[in-house]
Amino acid sequence: MNAERVKNVVLVHGGFVDGSGWREVHRLLTGDGFRVSVVQHPTLSLAGDVAVTERVLNALDGPAILVGHSYGGAVVTEAGNHERVAGLVYVAAFAPDKGESVTTLIADPAPGAPVPPILPPVDGFLLLDRDKFHASFAADLPVTEAEFMADSQVPWGLDALGGAIGEPAWRHKPSWYLVATDDHMIPPSAQRAMARRAGSTVTGTDASHSVYVSRPDAVADLIRQAAAGCADD
């Protein structure tokens, strides 16, 4: 009997945005016959966001590819230990090791690396400077689309940034990583370093941090590769 691809895909969004940015990736993959779920986690705490993701995984009828963008990478690194996760896909994402958090990963930026325009916290939540959102987060999207994303930001809780990883799933499960080579939020060099440490299969595309919106074709292609690579015999 020929091996069959994994047919479930679970998409996890990053900070400052919600799951609606996955629309085109969702369209492409469902058109291929995948069953795609989009996690709408509240970005209040890492533990809470992992729990929301696990509830989605619990409802599936088989193995899944778990995909995270940006902070969503931290979520999938922890939630990926779930028994239904066959493989991980990181999309311009954080891939923390045990004991690390997004806070620790961004604490010591490389000289000359772009500094994301994150405003000072208010009541325990962060937002990006609206006037700098386009250039930093979504430079390859139309201005009007970036402005909408800036105006519809989801406040990012400090407890989500500071949540530390227990056991990183990438130590036990195969992973794939899409590097956004024109990312002004997470430096491409940092993306490559995390991918190398995780032992990920790496590909790159010329895109901003919003690669999941601007290049849904590249994202969907890598997810297809992961699904094929995790095929059951």
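Cut-off values and rules
Residues numbered from 1 in each chain as written. Predicted model: local features only at pLDDT ≥ 70, side-chain atom pairs only at ≥ 80, totals over all residues. Heavy atoms only, no water. Helix = DSSP H or I, 4+ residues; strand = E, 2+ residues; numbered from the N terminus. Rg over C-alpha atoms; globule rule 2.2 N^0.38 Å. Buried < 20%, exposed > 50% of the residue type's maximum accessible area, 1.4 Å probe, protein only. Contact = heavy atoms within 4.5 Å. Areas by Shrake-Rupley, 256 points an atom, 1.4 Å probe, with all protein chains shown as cover. Pairing = 2+ DSSP bridges. Axes fitted to C-alpha atoms, helices over the stretch in contact; angles between N-to-C directions. Core = buried A, V, L, I, M, F, W, Y, C linked by side-chain atoms within 4.5 Å. Left-handed = near helix turned anticlockwise from the far one by under 90°. Nonpolar A, V, L, I, M, F, W, Y, C, P; charged D, E, K, R; others polar. Parallel < 35°, antiparallel > 145°, perpendicular 65-115°, else oblique. Salt bridge = Lys/Arg side-chain N within 4 Å of Asp/Glu carboxyl O.

Asks: Break down the overall build of the protein for me, citing the residues and quoting the values.
Replies: The secondary structure content of the protein amounts to ten helices and eight strands. Over its C-alpha atoms the protein spans a radius of gyration of 16 Å, differing by no more than 12% from the 17 Å that the globule rule assigns to 233 residues. Counting the 233 residues in the protein, one finds 51% classified as buried. A fraction of 72% describes how many contacts in the protein between residues 6 or more apart in sequence connect residues 24 or more apart. Of the roughly 10100 Å² of accessible surface on the protein, 52% is carried by carbon and sulfur atoms.

Asks: Would you mind going over the sheet that holds strand β3 (residues 64-69) in detail, with residue names and values included?
Replies: One key point about sheets: their strands pair by backbone hydrogen bonds, in either a parallel or an antiparallel sense. Taken in spatial order, the six strands line up as β2-β1-β3-β4-β7-β8 in an open sheet, and their pairing is parallel. Since the sheet does not close on itself, it has two edges, and those belong to β2 (35-39) and β8 (201-205), each with one partner. Each strand of the sheet is rotated relative to its neighbour by a mean of 20 degrees, with strand direction disregarded. With five bridges joining them, strand β7 (residues 175-180) and β8 adopt parallel strand pairing. Within β8, the residue paired with Trp176 across the bridge is Thr201. Relative to β7, helix α8 (residues 188-198) is tilted by about 170 degrees, and along the sheet it contacts β7 and β8. Contacting β1 (8-12), β3, β4 (85-91), β7 and β8, helix α10 (residues 216-229) crosses the sheet at an angle of about 165 degrees to β7.

Asks: Can you lay out the nonpolar core for me, pointing to particular residues and giving the numbers?
Replies: Grouped together as the largest cluster of nonpolar side chains are 74 residues, with contacts concentrated most on Ile65, Val67, Val89, Phe137, Tyr212, Val219 and Ile223. Per-element accounting of this core gives the leading share, seven residues, to α10. Setting aside anything within four residues of it in sequence, one finds Val89 in contact with Ile65, Leu66, Val67, Gly68, Trp176, Leu222, Ile223 and Ala226.

Asks: Quick one: what's the story with the packing of helix α2 (residues 46-58) against helix α3 (residues 72-79), residue by residue and with numbers?
Replies: With their axes 9 Å apart at the nearest point, α2 and α3 run at an angle of 65 degrees to one another. For the pair α2 and α3, the sense of crossing is right-handed. Here Leu46, Asp49, Val50, Thr53, Glu54 and Leu57 of α2 come into contact with α3, specifically with Ala74, Val75, Glu78 and Ala79. The class makeup of the residues in the contact of α2 with α3 is six nonpolar, one polar and three charged.

Asks: Explain the packing of helix α1 (residues 23-31) against α10 to me, using residue names and the numbers behind them.
Replies: For the pair α1 and α10, the least separation of the axes is 9 Å and the interaxial angle reads 45 degrees. Considering the angle they form, α1 stands oblique to α10. Here the hand of the crossing between α1 and α10 comes out right-handed. Along its contact with α1, which presents Glu24, Val25, Leu28 and Leu29, the element α10 presents Pro216, Asp217, Val219, Ala220, Ile223 and Arg224. Taken together, the residues of the contact of α1 with α10 sort by class into seven nonpolar, no polar and three charged.

Asks: Hey, could you go over the pattern of salt bridges for me, with residue numbers and the actual values?
Replies: Taken as a whole, this structure holds eight salt bridges when the rule is applied. Notably, a salt bridge pairs Asp217 with Arg215, separated by 3.0 Å at the nearest N-O pair. According to the relative accessible area criterion, Arg215 is partly exposed, its value standing at 28%. Salt bridges here are not isolated pairs; linked through shared partners, they connect Asp32, Asp221 and Arg224.

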